[in-house]
There are 2 protein chains.
Amino acid sequence: MSEKTVAILGATGVVGQQMLQCLEERNFPVGRLVPLASERSVGKPVTFRGEDVPCQLAAADAFEGVDIVLGAADDATARALLPEAVKRGAVCVDNSHAFRLEPDVPLVVPEVNAADIAAHHGIIANPNCATIIGLVPVWPLHQAAGLTRLIVSTYQAASGAGKPGLDELVREIRCVAAGEPVGESAPFQYQLAENLIPQIGGFNEEGYTSEEMKMQNEGRKIMHLPELRVNCTCVRVPVVRSHSESITCEFERPISVDEARAILEAAPGVKVVDDPATSRYPMPLETSDQDLIYVGRLRRDLSAPEGVSSLTFWCCGDQIRKGAATNAVQIAEYLV
Amino acid sequence: MSEKTVAILGATGVVGQQMLQCLEERNFPVGRLVPLASERSVGKPVTFRGEDVPCQLAAADAFEGVDIVLGAADDATARALLPEAVKRGAVCVDNSHAFRLEPDVPLVVPEVNAADIAAHHGIIANPNCATIIGLVPVWPLHQAAGLTRLIVSTYQAASGAGKPGLDELVREIRCVAAGEPVGESAPFQYQLAENLIPQIGGFNEEGYTSEEMKMQNEGRKIMHLPELRVNCTCVRVPVVRSHSESITCEFERPISVDEARAILEAAPGVKVVDDPATSRYPMPLETSDQDLIYVGRLRRDLSAPEGVSSLTFWCCGDQIRKGAATNAVQIAEYLV
Ligand SMILES: NC(=O)c1ccc[n+]([C@@H]2O[C@H](COP(=O)([O-])OP(=O)(O)OC[C@H]3O[C@@H](n4cnc5c(N)ncnc54)[C@H](OP(=O)(O)O)[C@@H]3O)[C@@H](O)[C@H]2O)c1
Ligand SMILES: NC(=O)c1ccc[n+]([C@@H]2O[C@H](COP(=O)([O-])OP(=O)(O)OC[C@H]3O[C@@H](n4cnc5c(N)ncnc54)[C@H](OP(=O)(O)O)[C@@H]3O)[C@@H](O)[C@H]2O)c1
């Protein structure tokens, strides 16, 4: 495998930092690393394979000679810069929302639709983190029984809001422990420590948030199910890392709990952790800093109407790794 | 209104302490207060109307001359002692699970089925806290459109596990803030700070927890809907006080979001807090220490199959007040 020049757009953020670690861990053939960030970070070193590499300014000419760009910046930065990288011959795997729903941009969870990667025109999008974490276990069940409806309630970690979110929860927990007022809570709308915030992103006219609509719109595109019915409620919870989801899925065809368990046990990217007798189930503290989606609490949906095939389960995964950095590096592996 | 002798069984616990405050706030006609607890607390004072009243040992003869018992102890204590109180002429309103499903015991949320109180034989049961918080808004929607199916994911506070749960979360948050290991997490199965635990109670053969089955079994009894289909996932979250719930309800008849909103705005015990434009929605920090169930994020269920009437919303309520103490005192008010 020939070595590649790899740029990370947003190398100082939580996803960018995790990308560096994933490239190292997975022995990605990086010949030269080009860490890019805003002018705030120019010259600031990032560590890769034990060496400090200074950040450069993210600007069009920084992509000269770059083979692969891993995008870990905000939507506006991605929209402004990734087309410049493509013009200069790079292929981009982007974590922002900017290109995800564009018809000529593949939106990929490798366990689900790796075959879509080949159709790219220079940009491949990484899906929303909660969507990736939900779809990794939903997809093999869909293949077996034909998914018709998804009802999801999420429990999303502070670091889903990037480094500012992570730092803010840590700060608030210190305030609360010290009995001090928390004050201004940016990037969150309200205090998150000891609280729950049922808003991630902005609202549409129907009262759904942008984060909630991603589960529907990205889910439909990734699974090639343009009519899939999805109801999602996204809630920010005072957890540092790893998103969790309570999922109910309805299917066209009958599927028993035992069949579903066997399918999930064999599914790529999934680890079944489900033993009520010993109180074993997925929890964010145990799923952080690894790449599998843990699935448990698998059971029959007791509310399913007569004749409706429906299952319920709970899953957790590290949204910085499989929900972002690892998924992007996996896609990049298909490119080399 | 003649004054009553009121005993509180479990007067030192979080629910018992809140009952004292509710009796005071609501000007309940308490002539004499009899605080009861275990031998650990005998002689320990509780404060009522500015005066210290020493706890007595909870034993059969402590109920002599008592008119009303408010039960705020565990199932075993309730099962052992409340029949003794009834024998001595008292009427008991009990918060434990012990009697809730007994056919001759009314299970009451006053906003839903106050009429059932009259049929009591000495014991009236207070429902599970998550069930009360969900049913206060679900009931008026049911009356309008005929509830057929409930899908609920809960976000339950540490103090739902009583004083030990409350103290443990406070302790763990201090450990986490100080960077110290949390160690043993009783009464929780695992560390709760910065984590989520998808288990409340024990598991049945189908993989549902006892807390989850309460939503079905108690919900059916309270609403007189013996066939109601309920799917509940109960999760403990690192919140001190106030339970939250993500609820999807299917109905027999069409009901629009606007109709539902008007119904909820007029419903007893409900406060609609739902303004996406200004990021207003229920949150546990804002719903603690008051008696209403806050409802928001009301919207059409985008996943509803063709022809199925379905709504989704989010609600929060103080599970120590409306989920326990206030609900019990409201029932006692019907008795006097
Ligand atoms: N956090 C997650 O769990 C997660 C999961 C999936 C997807 N994502 C997506 O991944 C992307 C990165 O998220 P994050 O959580 O890593 O955010 P973050 O921690 O806030 O990091 C943002 C990164 O973007 C850089 N950046 C900001 N403005 C820039 C500009 N004008 N020009 C160049 N670089 C700029 C920052 O550099 P400076 O240090 O110089 O400001 C930093 O490296 C976002 O699109 C996010 O939606 C995040
Ligand atoms: N916490 C909630 O949010 C909530 C909501 C709805 C319903 N409930 C139910 O309400 C009841 C009380 O819960 P809680 O949260 O208040 O629990 P808690 O804080 O642990 O208090 C338990 C109370 O029961 C007393 N008690 C324990 N063992 C006893 C014994 N052998 N004899 C007499 N009294 C005894 C304790 O007295 P000592 O101080 O002497 O030990 C204490 O007063 C439980 O059945 C619970 O399921 C609780």
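Quick notes on the rules
- Residues numbered from 1 in each chain as written.
- Chains lettered and ligands numbered in written order.
- Predicted model: local features only at pLDDT ≥ 70, side-chain atom pairs only at ≥ 80, totals over all residues.
- Heavy atoms only, no water.
- UniProt positions renumbered as here; feature names shortened; annotations may be inferred.
- Domains from an automatic or database assignment.
- Contact = heavy atoms within 4.5 Å.
- Buried area = accessible area lost by both parts, 1.4 Å probe.
- Near = heavy atom within 4 Å.
- Polar contact = N/O pair within 3.5 Å; in protein donor to acceptor, adjacent residues only side chain to side chain.
- Areas by Shrake-Rupley, 256 points an atom, 1.4 Å probe, with all protein chains shown as cover.
- Helix = DSSP H or I, 4+ residues; strand = E, 2+ residues; numbered from the N terminus.
- Pairing = 2+ DSSP bridges.
- Axes fitted to C-alpha atoms, helices over the stretch in contact; angles between N-to-C directions.
- Nonpolar A, V, L, I, M, F, W, Y, C, P; charged D, E, K, R; others polar.

Looking at an unreviewed UniProt entry, one finds chain A named Aspartate-semialdehyde dehydrogenase and attributed to Thermophilibacter provencensis. We quote the UniProt Catalytic activity (unreviewed entry) comment for chain A here in full: "L-aspartate 4-semialdehyde + phosphate + NADP(+) = 4-phospho-L-aspartate + NADPH + H(+)".

A.B. asks: When you look at the domain arrangement of chain A in this model, what are you seeing that I'm missing?
C.D. replies: Put simply, an interface is often sized by how much accessible area is lost when its parts join up. Residues and elements named next belong to chain A. What the domain assignment lists for chain A is domain 1 (4–127 + 324–335) and domain 2 (131–319). The gap between the C-alpha centroids of domain 1 and domain 2 is 25 Å. Taken residue by residue, the interface counts 21 residues in domain 1 and 21 residues in domain 2. When the two sides are added together, the surface that domain 1 and domain 2 hide from each other amounts to roughly 1,700 Å², 62% of it contributed by carbon and sulfur. By the criterion of area lost to domain 2, the three top residues of domain 1 are Val 14, Glu 111 and Val 112, representing 32% of everything that side buries.

A.B. asks: Mind showing me how you'd approach the site of ligand 1 here?
C.D. replies: Residues and elements named next belong to chain A. As a structural note, the neighbourhood of ligand 1 is formed by 27 residues, with Thr 12, Ser 38, Ser 41, Ala 73 and Lys 163 the closest of them. With respect to ligand 1, the backbone of Gly 10 contributes an N or O atom lying 3.1 Å from an oxygen atom. Gln 319 places a polar side-chain atom, nitrogen or oxygen, 3.2 Å from an oxygen atom of ligand 1. A total of 900 Å² of accessible area belongs to ligand 1 in isolation, and the protein chains cover 79% of it. Broken down by secondary-structure element, the contributors of at least two residues to the shell around ligand 1 are helix H1 (14–25), helix H5 (162–178) and helix H9 (321–335).

A.B. asks: Even after reading the chapter, I still don't get the sheet that holds strand S6 (residues 68–71) of chain A, so can you show me in this structure?
C.D. replies: Hydrogen bonds between backbone groups are what pair the strands of a sheet, and the pairing can be parallel or antiparallel. Residues and elements named next belong to chain A. Read from one edge to the other, the open sheet built from six strands follows the order S5-S2-S1-S6-S7-S8, with strand pairing classed as parallel. A single partner strand is all that each edge strand has here, and the edge strands are strand S5 (56–57) and strand S8 (123–125). Its contacts with the sheet place H1 against strand S1 (4–9), strand S2 (30–37) and S6, and it is angled at close to 155° to S1.

A.B. asks: Before we go on, may I ask you to explain the sheet that holds strand S9 (residues 147–155) of chain B in this structure?
C.D. replies: Residues and elements named next belong to chain B. Judged by pairing direction, the sheet is mixed, and its six strands sit side by side in the order S10-S9-S11-S14-S13-S12 without closing on themselves. What marks the edges here is a single partner per strand, and that holds for strand S10 (229–233) and strand S12 (270–272). Between one strand axis and the next, the sheet turns through 25° on average, direction left out of account. Where S9 lies against strand S11 (residues 243–251), eight bridges are found, and the strand directions are antiparallel. When the sheet's bridge partners are listed, Tyr 155 is paired in S11 with Ser 244.

A.B. asks: Got a minute to help me understand the site of ligand 2 in this structure?
C.D. replies: Residues and elements named next belong to chain B. For ligand 2, the set of nearby residues contains 27 residues, the closest of which are Thr 12, Ser 38, Ser 41, Ala 73 and Lys 163. Between Val 14 and ligand 2, the recorded distance is 3.0 Å, taken from a backbone N or O atom to an oxygen atom. Separating an oxygen atom of ligand 2 from a backbone N or O atom of Ala 73 is a distance of 2.7 Å. Contact with the protein chains removes 79% of the 900 Å² of surface that ligand 2 exposes when unbound. The set of elements that each furnish at least two residues to the shell around ligand 2 consists of helix H1 (14–25), helix H5 (162–178) and helix H9 (321–335). Counting residues per element, the shell around ligand 2 draws most heavily on H5, at three residues. Residues of the shell around ligand 2, tallied by class, amount to eleven nonpolar, 13 polar and three charged. The two domains that each donate at least three residues to the shell around ligand 2 are domain 1 (4–127 + 324–335) and domain 2 (131–319).

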